[in-house]
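What follows is the residue order along each chain.
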Amino acid sequence: MTLVKKYFIFENVKKLKGVGPTLSKYLKVRKIEKIKDIILNLPYSETDRSQISNINELEAGKIQTIKVVVKKLNFPRIKNLPNTIQCEDETGKIDISYFNSFEGYLRKIYPLNQIVIISGKVGYFKNKLKITNPDYVTPIENRGYVVKNIPKYKLTKGINEKKYRFISEQIIENLPKIEDWLDEDFKRKNKLMNWNEAIKRLHNSDDSKNKKSISYRRLVFDEICANFITLSENRKRLKRKKISKQINKNFQKKIISHLPFSLTDSQEKVLKEINSDLKSDERMFRILQGDVGSGKTIISLLTIANVISDGYQCALMTPTEILSQQHFKLAKKIFENYNINIEFLSGKTDSKKRKEILKKIYNGKIDFLIGTHALFQKKIDFQNLGFVVIDEQHKFGVKQRSDLAKKGGKNCDVLLMSATPIPRTMMMSLYGDMDISKITEKPSVRKKIITLSKPEKKINELWTFLKEQIEKKNQIFWVCPLIQGSKFLDYSSANEKFEIINKKFPGKVGLIHGSLEKEVKDEVLKNFLNKKISILVSTTVIEVGIDFPNANLIIIENANKFGLSQLHQLRGRVGRSDKQGICILLFKDGLSKNAIKRIKILKESEDGFFIAEEDLKLRGFGDLTGYQQSGEKNFRFADPFVHDDLFKMAENLIFNINKEINHKKYHFLLKLFDKAEIINSNED
Ligand code: ADP
Ligand code: MG
């Protein structure tokens, strides 16, 4: 057996024997393109072909293996009749049938009066057991290839077990000899397996089903390390030297003194952290986390003011037009009496105006540009951009972050703001390249939101309550899990609910969901903001931070469908003023223990960070909404819930050691997890 060359595994699967254009297309369906993808495609189970059964013991419906003598081959010349081979052992006879087969081939693999091993699913036909198109037929000398437990992979049309095995064994049985990136000492101390050994075991045992098996843990550790190295390298590149900014405390003080409120301690703290980054001679790359309504916007505006007063341009971008406009309005108000030029730019800005704005940005005549994401992806040349703030950056992955920092230029500081609280274990893997600031308290004017739960069958009791609320000029969010009704899911849909509610309150109801055009969505949101409508029926699309201070009631249907963090975020849409916010969770009957616990937590706490931790505990990591929303699908194997200790171990290894990472040694690892490109793309 020769081991393949190390970098062979990064070649296209077509380099393997038996893989042509057609098969490679099928493999692609299962996301197998490079040879290394076969290594990472773990079996989900095993097929037991290890017992040789007597014919008289066979059971229909099972995959079984027999050892038989070939007695007779029949090749009927009638269309649609199968070719049949009669076989027997000491205990009985059995027919093996083939559809779509060639006589020559069958004669070759079924030599008359010879013993063969056959393995396949036993069927039943006309009162007799038989095997049709068996998976394996092999001479007795080769029994070892068939008579055993064979790994079972998720396959797809055009690839069967035998074919896939032929392909995968070429690499799994011949793994390249690598210089392990982990020291022997480290492995011994931390009970981590050798890489080769681990991969072999994962493919040849049921270790792959057990997230705690030592071979699986090795793969997980590698995956986490690859992820952390990427972040740590990203960080090094982002935190380069810059010209430090001068901050005029008086200007900031003046603005604060004109605010209708005073900052919370938490806000004061993060303000200091951001300002000290601005003053530092390394570029800022920071994420500001704070629950919905914790007051992140004003912090961004204050720090932007500082940068502008030092003579730089600033940009603030948001994911939606309406949020941009909200920020724009607020900025104009706050900077009213100072000589600061603010502009608003979005996809809707007409081209003449747009040109004008772009020119002014280029000439430095605009100090502060506010707009949507899409816009900043296009080329805008600033004269001297000093600070970019990105609000509600759910979908900003590592790659986008590094692209952004590159675009901003040498002296550009970057601040991301997010209302998605992330559990501690995941913080590092998501934001390991950034510094983190947290706003942990809410303005004290807020009243605690009243959270109620109600069985759905009592929905009729709600109509009078809604009527009262509308008469009081309160506004209402009504959230459904689906857009359209489904035959398969017993969930409420926004479309249907809109019809029902609109009949009860004609003309007072709006509908919004993800498959509407962006313009339509913005229009509906505007109508709600301007109080033209009282009830907004929606899916969860409008989770991001638009401020509707007049909406103080939210009703969430099928609340058990949502995760804790998501419910918390939805709830955060209300209670954003000094008015009392109310959240009503509608449930179907027969709640699980878990669901009851979730309601209890929600009723008791409004702390997003606490809720995120509880969410992780209750549902495990796969379902964690906050995590998914962050847009990072970094882990295929690692599960922060199960592998908490490995995350810590990797953190110590990658982040706490202040030595240069040996790129050569890790290159293979990074390529294995498709991270090498992210790192290389940062090279400039
Ligand atoms: P988010 O953190 O969700 O972006 P916002 O910045 O939109 O929150 O703030 C929500 C509301 O709270 C705004 O109306 C804002 O004016 C108000 N606000 C911010 N800070 C304070 C404070 N310290 N005291 C009272 N109200 C505040
Ligand atoms: Mg916000």
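Residues numbered from 1 in each chain as written. Chains lettered and ligands numbered in written order. Predicted model: local features only at pLDDT ≥ 70, side-chain atom pairs only at ≥ 80, totals over all residues. Heavy atoms only, no water.

1. Observations concerning the packing of helix α8 (residues 214-238) against helix α24 (residues 644-654)
Applied cut-off: What counts as an axis is a line fitted to C-alpha atoms, over the stretch in contact for a helix, and the angles between N-to-C directions run from 0 to 180 degrees. What counts as a helix is a DSSP run of H or I of at least four residues, what counts as a strand is a run of E of at least two, and both are numbered from the N terminus. Each angle receives one of four descriptions, namely roughly parallel if under 35 degrees, roughly antiparallel if over 145, roughly perpendicular if within 65 to 115, and oblique otherwise. Two helices cross in a left-handed way if the nearer one is turned anticlockwise from the farther one by less than a right angle. They cross in a right-handed way if the turn is clockwise. It only takes one pair of heavy atoms within 4.5 Å for two residues to be counted as in contact. Gly is put with the polar residues, along with every residue not named as nonpolar or charged; the nonpolar set is Ala, Val, Leu, Ile, Met, Phe, Trp, Tyr, Cys and Pro, and the charged set is Asp, Glu, Lys and Arg.
Between α8 and α24, whose axes approach to 9 Å, the crossing angle comes to 45°. Taken as axis vectors, α8 and α24 run oblique relative to one another. In the packing of α8 onto α24, the handedness of the crossing is right-handed. Across the interface between the two elements, Arg217, Val220, Phe221, Ile224, Cys225, Phe228, Ile229 and Ser232 from α8 touch Asp645, Leu646, Phe647, Met649, Ala650, Glu651, Leu653 and Ile654 from α24. The residue inventory of the contact of α8 with α24, partitioned by class, reads 12 nonpolar, 1 polar and 3 charged.

2. Let's talk about the confidence of the model for the protein
Cut-off, in case you're wondering: Scored from 0 to 100, pLDDT reflects the predictor's confidence in each residue.
Summarising the model, the protein shows a mean pLDDT of 87, and 92% of its residues fall at 70 or more. Confidence, expressed as mean pLDDT per element, reaches its minimum in the protein at helix α23 (residues 625-629) with 43 and its maximum at helix α10 (residues 265-279) with 97. Here residues 621-632 is modelled with pLDDT under 50, and outside its nearest four sequence neighbours on either side it reaches 42 contacts, counting other chains as well.

3. A short note on the pattern of salt bridges
Note the threshold: We define a salt bridge as a contact between a side-chain nitrogen of Lys or Arg and a carboxyl oxygen of Asp or Glu at a distance within 4 Å. Per-residue accessibility, obtained with a 1.4 Å probe over protein chains only, is compared with the maximum for each type, and a residue is labelled buried under 20%, exposed over 50%, and partly exposed between these values.
In the structure shown here, the tally under the stated rule is 35 salt bridges. In this structure, the salt-bridge partner of Asp277 is Arg286, at a minimum N-O distance of 2.6 Å. When its relative accessible area of 9% is taken as the criterion, Asp277 is described as buried. Of the residues examined, Arg286 reaches a relative accessible area of 9% and is grouped as buried. The salt bridge involving Glu461 is made with Lys454; its shortest N-O contact spans 2.9 Å. The class of Glu461 is partly exposed, set by a relative accessible area of 46%. Each of Asp180, Glu184, Lys187, Arg218 and Asp222 takes part in salt bridges that share partners, so that together they form one network.

4. Some thoughts on the sheet that holds strand β11 (residues 313-318)
Within a sheet, each strand pairs with its neighbour through backbone hydrogen bonds, oriented either parallel or antiparallel. Let me state the cut-off plainly: Only when DSSP finds a minimum of two bridges between them are two strands counted as paired.
The strand order β12-β13-β11-β14-β15-β10-β16 describes an open sheet built from 7 strands, whose pairing is parallel. Looking at which strands have only one partner, the edges of the open sheet turn out to be β12 (342-345) and β16 (435-439). Geometrically, the sheet is characterised by an average inter-axis angle of 20° between neighbouring strands, direction not taken into account. As paired strands, strand β14 (residues 385-391) and strand β15 (residues 413-418) are joined by 5 bridges and run parallel to one another. Within β15, the residue paired with Asp391 across the bridge is Met417. Set on the sheet, α10 makes contact with β10 (285-290), β14, β15 and β16; between it and β16 the angle comes to about 155°. Contacting β10, β11, β13 (368-372), β14, β15 and β16, helix α11 (residues 296-309) runs over the sheet at an angle of about 175° to β14.

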